[in-house]
Amino acid sequence: MPQQSVNQDSFDDDVPDDAPAPAAAAATTDALDALLDEIDGNLQVNAEQFVRSFVQKGGQ
Amino acid sequence: MRILGLETEYGITDPADPRANPILLSSLLVSGCRAWAGEKTTRWDYGGEDPLMDQRGVRRPRTHVIPELLTDAHEFNAKAGSVTLRRRRGSWEDPAHLNAVLTNGARFYVDHAHPEYSGPEVTNARDAVVWDRAGDAIALQAAAAYAEAEGTHVSLYKNNVDGKGASYGTHENFQVRRDLDFDVLARRLTAHLVTRQIYTGAGRVGLGMRGEQPGFQISQRADYMETEVGLETTLRRPIVNSRDEPHAERKYWRRLHIIIGDATTFDVATFMKLGTTTLVLAAIEADDARLDALTLVEPVGDVQRVSRDLALREGLHLADGTVASALEVQRALLEIARDYVAGAVDALVIARWESLLERLGRDIFETAREVEWVAKLQLLGRMRAKYGTATAEGETRDAAWDDPRIAASDIVWSQLGTGLSARLAAAGQVERLATEDEVAAAITDAPRDTRAYLRGAIVATRPDIVDAAGWSTIVLDRDADHGQLEVVHLDDPASASHPLIDELLRG
């Protein structure tokens, strides 16, 4: 079967779309890494004190 | 159609002053909410509450309960649809700054030491998501007004634990038929409440009430459930809460109050939490005996067992002597629930339920855009690798679960506005069910198909004559010969019409 028709099949409506495509998985990885880089500076400076000072009263 | 509602207690801090009094912060936040709402708000009517009535038919003597349960005045009037008169009382009875009833039918107020948004009554799980998201947006508006008035900031967290032993809740309310035996209801619902966390859990860093052991678990609330059925909500917390306060015609209805659920920032998690439970309740109301095959031998222990079982394989002992995993219990519940689909939203719930269970059984990370604990585990897993250290053997060891950077990220995950979950959503990594337009409309507008419409609309159009409002009352203060307040009773939550309110709304 030519490669092209396999690719077309993957766009058919009855193909389950719940398994993430490789491209989507790579985008997720990039998004997570970008987010981790973004918060890195704050975490290195503040994390321990922040955790210690997050104190709440019990509720319902 | 089933009436539902969702309440969220937010964590609250002043980042510049960690020792600030949370009750004061919460009161000032409600003031901020009132400032944001302007004229279009009213105070809360405590008239109809009866928090000491137990679903199991007994009423606790007032001297036998902890003081926090005493939230009621001593009036209960079940005259459905009627208008009664009430003497004016001193304004000290409800300090306005502790409550704001809003035009979207919600209540924003101080509960214990937390700000709480109690969403309006809705008729389906999708609407519950829309008005829950609206609540988060309103809380942020209140925080902005607070910052303007006070010159300092508050941070709000949609989570349930502080990691030091305190827990605060996110409560679901479901209207169920009064003729249902409460013990049967509790028994048949328990297996669902214990196992649904595999797709509704928000994820938590730390094991034990105080996070005594390092680790990650599925649910925020699991370690705080201590009994099967009970009246309390702040200690000895039960899987099924038995407070019997229907906020509706007592002869016909119960309001099932569920406190085991996690606060969720993922639409799909919120949707499934309410949607699946609605369907299981339909099966219980139909007296479906297939549910009895899912009776758990040790439900309280199982809540924690399931929460710690990230592989979703642990066996739970059933009363008939067999063993089933949480996934298997959920598959069985799904098969039963298929017979109770009563509308388009139910059908969406079933389709998603089936899909989620299939993917969770194959590879949990396939659900990372929908299931909050999986998304959190995925992000924090990458973070542990990023902050890993090299061992003597030249390998890399992941950062420990009790590394402060990991623990801090678990807290920051749920921060309203700028938290990690919000940032993931902004980066397109979280599936949304409610559109931004729907959420924006729900900030100001009430659902049109429940009594919340009457509450919201009268507050929006005639705040000048509204003295207070509650779930089942609107109290009017008009010039009248009798010189008293008029209490409009809205004892049917499913009715968006009342002759007097309709007339006032027509102008």
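It should be noted that the structure appears before, not after, this text.
Presented here is a report on the structure given in the accompanying data block. If you're wondering where the values come from, they're calculated on a predicted model, not measured in any experiment.

Conventions used here
- Residues numbered from 1 in each chain as written.
- Chains lettered and ligands numbered in written order.
- Predicted model: local features only at pLDDT ≥ 70, side-chain atom pairs only at ≥ 80, totals over all residues.
- Heavy atoms only, no water.
- Axes fitted to C-alpha atoms, helices over the stretch in contact; angles between N-to-C directions.
- Helix = DSSP H or I, 4+ residues; strand = E, 2+ residues; numbered from the N terminus.
- Left-handed = near helix turned anticlockwise from the far one by under 90°.
- Contact = heavy atoms within 4.5 Å.
- Nonpolar A, V, L, I, M, F, W, Y, C, P; charged D, E, K, R; others polar.
- Core = buried A, V, L, I, M, F, W, Y, C linked by side-chain atoms within 4.5 Å.
- Buried < 20%, exposed > 50% of the residue type's maximum accessible area, 1.4 Å probe, protein only.
- Expected span 1.5 Å × (residues − 1).
- Parallel < 35°, antiparallel > 145°, perpendicular 65-115°, else oblique.
- Phe/Tyr/Trp six-rings, centres within 6.5 Å; stacked < 30°, edge-to-face > 60°.
- Lys NZ or Arg CZ within 6 Å of the ring centre and 35° of its normal.

It is worth spelling out the packing of helix α9 (residues 372-386) of chain B against helix α10 (residues 404-413) of chain B at this point. Residue and element names in this part refer to chain B. As a packed pair, α9 and α10 sit with axes 11 Å apart at the nearest point and diverge in direction by 150°. The chirality of how α9 crosses α10 is right-handed. The residues of α10 that touch α9, namely those facing Glu372, Ala375, Lys376, Leu379, Leu380, Met383 and Arg384, are Arg405, Ile406, Ser409, Asp410 and Trp413. When its residues are assigned to classes, the contact of α9 with α10 shows 6 nonpolar, 1 polar and 5 charged.

Looking now at the nonpolar core. Residue and element names in this part refer to chain B. Membership of the largest hydrophobic core comes to 123 residues, with the highest contact counts inside it found for Leu29, Phe108, Ile198, Tyr199, Leu256, Trp353 and Trp373. It is helix α2 (residues 125-150) that provides the largest number of residues to this core, a total of 11 residues. The next biggest cluster of nonpolar side chains, apart from the first, holds 16 residues, and it includes Val101, Val466, Ala469 and Leu504.

Another point: helix α8 (residues 344-362) of chain B. Helical geometry note: an α-helix holds 3.6 residues per turn, so side chains three or four residues apart project in the same direction. Residue and element names in this part refer to chain B. The first and last C-alpha atoms of α8 sit 28 Å apart over 19 residues, in line with the 27 Å expected at 1.5 Å per residue. Those residues of α8 lying buried are Val345, Asp346, Val349, Ile350, Arg352, Trp353, Ser355, Leu356, Leu357, Arg359 and Leu360. On the buried face of α8, the contacting elements are α2, α3 (182-195), α4 (197-200), α5 (267-285), α7 (326-337) and α9.

Residue and element names in this part refer to chain B. The N-to-C vectors of α3 and α7 enclose an angle of 130°; their axes lie 9 Å apart at closest approach. The angle between the axes of α3 and α7 places the two elements in the oblique class. At the point where α3 passes α7, the crossing takes the left-handed sense. Mapping the contact onto sequence places Ala191, His192 and Thr195 in α3 and Ala326, Val329, Gln330 and Leu333 in α7.

With that settled, the discussion passes to the packing of aromatic side chains. A ring pair, where both rings are aromatic, is described by two values, the distance of the centres and the angle of the planes. All names here are of chain B. Throughout the structure, instances matching the rule amount to 4 aromatic pairs over all chains. The positively charged end of Arg107 is found above the aromatic ring belonging to Tyr109, 3.6 Å away from the centroid. Above the face of the Tyr387 ring, Arg405 is positioned so that its terminal group lies 4.1 Å from the ring centre.

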